[in-house]
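# Overview (structure and organization)
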Amino acid sequence: MPAGLAVIAVTYGLARYGFGLFLPQFRGEFGVTAATAGGIAAGSYLAYCLTALLAQRQVGRQRARTALWLAGGTAAVGSAVVASAPSAGVLAAGVLVAGSGAGAATPALVAAVTATVRPAVEQRAQAVVNSGTGAGVVAGGLLVLAAPGLWRWAWAGFAVLALAATWAADRRTAWAQVGRHEDGDDDRSGLPLGPLARPLVAAVLGGAGCAAVWTFGRDLLARDGGLPDSTTGLLWCVLGAGGLAGGLSGDLVGRAGLRRAWAGAAALATAAVLLLAALPGAAVPAGLALAAFGCAFVVLSGVLLAWGAHRVPAAAPQAAAVLFVGLTVGQAAGALVLGVVADRAGAPAAFVVAAVLLVGAALAAEPRTRVSAAATPGSRRR
């Protein structure tokens, strides 16, 4: 599903996480403070949650194609608003709409992959599509390297890419197969939350800790570390490349089990955040930290896909939407709190707080050690 990977790349890696990438430019253009940046990011994350919940209902009613276009359409419209923003208020509105598109992308594409690929390779395909975040981050970093001052043209390009990727994914999905392999009623919007309680807690804590890098990472390197735009842009590419490596999360869960995969990825993210806090001005350690974080974050989100399918195997797309909402609620809260901490005590202190949150996420790992064959996403279609 290369087209599905492209949708994730533009909705997550560019339209959603592009705010953190271009934050130094936004601060220079509009005078945005760290606390204000945290508020804008939090608003974007909350908009993501609303869109994800709407998409969950659409997928539950066999309208995954509608959810896909909701993802691409909002990412495109929001990116166009950012590109033309005359003020900080309009910028914030554009970021909010652009970031919301990713909320519909995950449940729509989980359903699309399930309907389109063979059961034997579905878990791997889900993880590869999910790793599109890394591809988008690499593309954003390359844009900053090539033309750091042309951020408006970059966001205009995001709008075009969002529509093109969505159209391609739509054309390549076997929509007629969506829902044919599920049992029970067509409307699965009333997903039971009890089985998802533990992964929800883990997702919220993980999202809160990861918000430090996605919202303030490049700003930390530029302002506290004193690194030039060319270096921070290259380091953002390294972050994205690490995210592409996280596409192996499907195989990792199969080999190590949910508990080890989640706890290990959260521990790796913790170490990366602490290294960034300690050495923001050292390019090589920062690069190692960002590569590790990128890989860890995509593994965490990939494990959430498998975790949801493990807990609620009959409704994996809806479970994915709920857990990604939890991840994003954590990111919203983390962006707000860490922005205030950064303004009052400095960005390195905010990153230390983020590391503590990630330790909490690691401790919330699944108690079972391995996913059974009956719980994998592909088993729903047998």
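Bear in mind that the values here come from a model prediction, so they are computed numbers and not experimental data. (Residues numbered from 1 in each chain as written. Predicted model: local features only at pLDDT ≥ 70, side-chain atom pairs only at ≥ 80, totals over all residues. Heavy atoms only, no water.)

### As for the pattern of salt bridges
Close approach of charged atoms allows side chains of opposite charge to pair. Inspection of every chain in the model, using the stated rule, returns five salt bridges. Residue Asp229 is joined to Arg218 by a salt bridge in which the shortest nitrogen-to-oxygen separation is 3.5 Å. Residue Asp229 is found in helix H11 (residues 229-245), and its partner Arg218 is found in helix H10 (residues 197-224); the two are separated by 11 residues along the sequence. In this structure, the salt-bridge partner of Arg223 is Asp219, at a minimum N-O distance of 3.9 Å. Of this pair, Arg223 and Asp219 both sit in helix H10, four residues apart, which is roughly one turn of the helix. In this structure Arg223 comes out as exposed when scored by relative accessible area, which is 54%. Its relative accessible area of 7% is what places Asp219 among the buried residues. Residues participating in the shared-partner salt-bridge network are Arg27, Asp219 and Arg223. (Salt bridge = Lys/Arg side-chain N within 4 Å of Asp/Glu carboxyl O. Helix = DSSP H or I, 4+ residues; strand = E, 2+ residues; numbered from the N terminus. Buried < 20%, exposed > 50% of the residue type's maximum accessible area, 1.4 Å probe, protein only.)

### Description of helix H8 (residues 132-146)
Since the α-helix advances by 3.6 residues per turn, residues separated by three or four positions end up pointing in the same direction. With 15 residues, H8 extends 21 Å between its outermost C-alpha atoms, agreeing within 8% with the 21 Å of an ideal straight helix rising 1.5 Å per residue. Of the residues making up H8, those classed as buried are Gly132, Thr133, Gly134, Gly136, Val137, Val138, Gly140, Gly141 and Val144. (Expected span 1.5 Å × (residues − 1).)

### Things to note about the packing of aromatic side chains
In this structure the tally under the stated criterion is 16 aromatic pairs. A centroid spacing of 6.4 Å and a plane angle of 35 degrees characterise the contact between Phe22 and Phe26, whose relative ring orientation is tilted. Since its relative accessible area comes to 1%, Phe22 is described here as buried. Through a chain of ring-to-ring contacts, the aromatic side chains of Phe19, Phe22, Phe26, Phe30, Trp151, Trp155 and Phe158 assemble into a single cluster. Lying across the ring of Tyr48, Arg16 places its NZ or CZ 4.2 Å from the centre. (Phe/Tyr/Trp six-rings, centres within 6.5 Å; stacked < 30°, edge-to-face > 60°. Lys NZ or Arg CZ within 6 Å of the ring centre and 35° of its normal.)

### Let's talk about the packing of helix H1 (residues 2-16) against helix H5 (residues 64-83)
In the contact formed by H1 and H5, the axes pass within 10 Å of each other and the chain directions differ by 40 degrees. Handedness of the crossing formed by H1 with H5: left-handed. Each of Val7, Thr11 and Ala15 in H1 lies in contact with H5, whose residues at this interface are Leu68, Ala71, Ala75 and Ser79. Class assignment of the residues belonging to the contact of H1 with H5 gives a composition of five nonpolar, two polar and no charged. (Axes fitted to C-alpha atoms, helices over the stretch in contact; angles between N-to-C directions. Left-handed = near helix turned anticlockwise from the far one by under 90°. Contact = heavy atoms within 4.5 Å. Nonpolar A, V, L, I, M, F, W, Y, C, P; charged D, E, K, R; others polar.)

### Things to note about H10
With 28 residues, H10 should reach 40 Å at 1.5 Å per residue; the first-to-last C-alpha distance of 38 Å fits that figure. Along its length, H10 shows its largest kink, about 65 degrees, at Phe216. Just downstream of H10 lies Gly226, where phi reads positive at about 70 degrees. (Bend = angle between axes of the 7 residues up to and from the residue.)

### Side note on the environment of Ala85
The residue Ala85 is located in the loop between H5 and helix H6 (88-116) in this model. Looking at Ala85, the relative accessible area reads 1%, which means it is buried. Separated by 55 residues in the primary sequence, Ala85 and Phe30 have C-alpha atoms spaced 10.0 Å apart. Excluding residues that lie within four positions of it along the chain, Ala85 makes contacts with Phe30, Val90, Leu91 and Arg152.

Keep in mind that these numbers describe shape and distance, not what the molecule does.
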